[in-house]
Amino acid sequence: MQLSRSEPSIQLYKNFIDGAGHAKRPELAREVYEMMRRNGIQPDVQADFLMLQSYLKSEKVSDALNFFSDICQRREVSTKLYNTLIAGLCRIGKADVAWEYMSQMKEKGLVPNAECYELLMQLLCLQGEYDAAFDAIADLKNVRCPITAFIGNVLLLHSLKSPRLYMAWARSSKEYEHISEISELGKLLRAFTGGIITESNAASGEAREESVPDLQQIADHSANMSEIMMSRKKRTLLEAMEIGKKCRQASVDLLEERKKKNEAGQTLKEK
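Just so it is clear, the structure is predicted and the values come from calculations on it, not from any experiment.

Below, the discussion takes up the packing of aromatic side chains. Applying the stated criterion to the full structure yields five aromatic pairs. Measuring from centroid to centroid gives 5.7 Å for Phe68 and Tyr101, while their planes differ by 90 degrees, and the two rings are edge-to-face. Of this pair, Phe68 sits in helix 5 (residues 61-74) while Tyr101 sits in helix 7 (residues 95-107), and the two are 33 residues apart along the sequence. For the pair formed by Phe68 and Tyr101, the shared burial category is buried. Ring-pair connections join several aromatic residues into one group, and the members of that group are Tyr33, Tyr55 and Phe67. For the cation-ring pair, Lys80 lies above Phe49, with the distance from its terminal atom to the ring centre recorded as 4.2 Å. Just above the ring of Trp99 sits the side chain of Lys106; from NZ or CZ to the centre is 6.0 Å.

Right, here's the structure in full:
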């Protein structure tokens, strides 16, 4: 083995760990990881990241969690490692465990990235856990992150599959009425679902079908959601562009008006 013939650098060890991870050989990756430590080379954050990914790619959940716990005892865990663990858990269908580590992460003052929320939302919707999906959206807004286009598209897809998603929004709307984005999402979901919720059928878990959704209404709500999903910086830029556009149009209109007045004046002089 190349590693045992010389004194390799830490980068070479990490290359072997990465390769073993892609080959779904986590036991080989761990052997190289431990060899690195025995040779007096302390694994850095990237080595921990690659080893954790190796377990997650092979769906070795217990090994991944034990390894993560070991890292926590050795050093302060970075945001990147938490995000890697949470995203990996979501990809292999462990929504409850992912949610638990997201809570732990926030307790330490760290903020999960957008990908974690996107994957968790997608998984919860696939599992039919629509109430939990809206809890995740509210949590996303609590950490001051925008609702991404990916999340919006996942919700729209599932609203076309089942009215249960809209019903879940109806149940959560009172609790999260202070979050404008969730309110706007509800309007769009209602337009796509084409159903309404009454007190009686909400309690029994049934939805009554309405007429075919209004396409103009869908377009209007979609436009509103597009703005909501923008970051504050992009929204400010868009508003500035709109103001600039209006100012340019006003200047063009003024020039046209002056031109018409001049032409009218010349016509009167000729007469």
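Turning our eyes to something else, we now look at the confidence of the model for the protein. Mean pLDDT over the protein works out to 80, with 76% of the residues at or above the 70 mark. This model gives residues 195-219 a pLDDT under 50, and the stretch forms 36 contacts once residues within four places in sequence are excluded.

Before going further, it helps to examine the environment of Ser159. You can see Ser159 is positioned in helix 10 (residues 149-161). There is a polar contact of 2.7 Å between the side chain of Ser159 and the backbone oxygen of Leu156.

For the rest of this paragraph, the subject is the packing of helix 4 (residues 45-57) against helix 6 (residues 79-91). A pair of packed helices is captured by two measures, namely the crossing angle of their axes and the spacing between those axes. Where helix 4 contacts helix 6, the two axes come as close as 10 Å, and the packing angle between them is 5 degrees. By the criterion of interaxial angle, the relationship of helix 4 to helix 6 is roughly parallel. Mapping the contact onto sequence places Asp48, Phe49, Leu52, Gln53 and Leu56 in helix 4 and Lys80, Leu81, Thr84, Leu85, Gly88 and Leu89 in helix 6. Residues that form the contact of helix 4 with helix 6 fall into these classes: six nonpolar, three polar and two charged.

Further remarks concern the nonpolar core. Within the largest apolar cluster, 68 residues are counted, with the highest numbers of intra-cluster contacts made by Ile137 and Leu155. Excluding anything up to four places from it in sequence, Leu155 contacts Met121, Cys125, Ile137, Leu165, Leu185 and Leu189.

Calculation notes
- Residues numbered from 1 in each chain as written.
- Predicted model: local features only at pLDDT ≥ 70, side-chain atom pairs only at ≥ 80, totals over all residues.
- Heavy atoms only, no water.
- Phe/Tyr/Trp six-rings, centres within 6.5 Å; stacked < 30°, edge-to-face > 60°.
- Helix = DSSP H or I, 4+ residues; strand = E, 2+ residues; numbered from the N terminus.
- Buried < 20%, exposed > 50% of the residue type's maximum accessible area, 1.4 Å probe, protein only.
- Lys NZ or Arg CZ within 6 Å of the ring centre and 35° of its normal.
- pLDDT = per-residue confidence, 0-100.
- Contact = heavy atoms within 4.5 Å.
- Polar contact = N/O pair within 3.5 Å; in protein donor to acceptor, adjacent residues only side chain to side chain.
- Axes fitted to C-alpha atoms, helices over the stretch in contact; angles between N-to-C directions.
- Parallel < 35°, antiparallel > 145°, perpendicular 65-115°, else oblique.
- Nonpolar A, V, L, I, M, F, W, Y, C, P; charged D, E, K, R; others polar.
- Core = buried A, V, L, I, M, F, W, Y, C linked by side-chain atoms within 4.5 Å.

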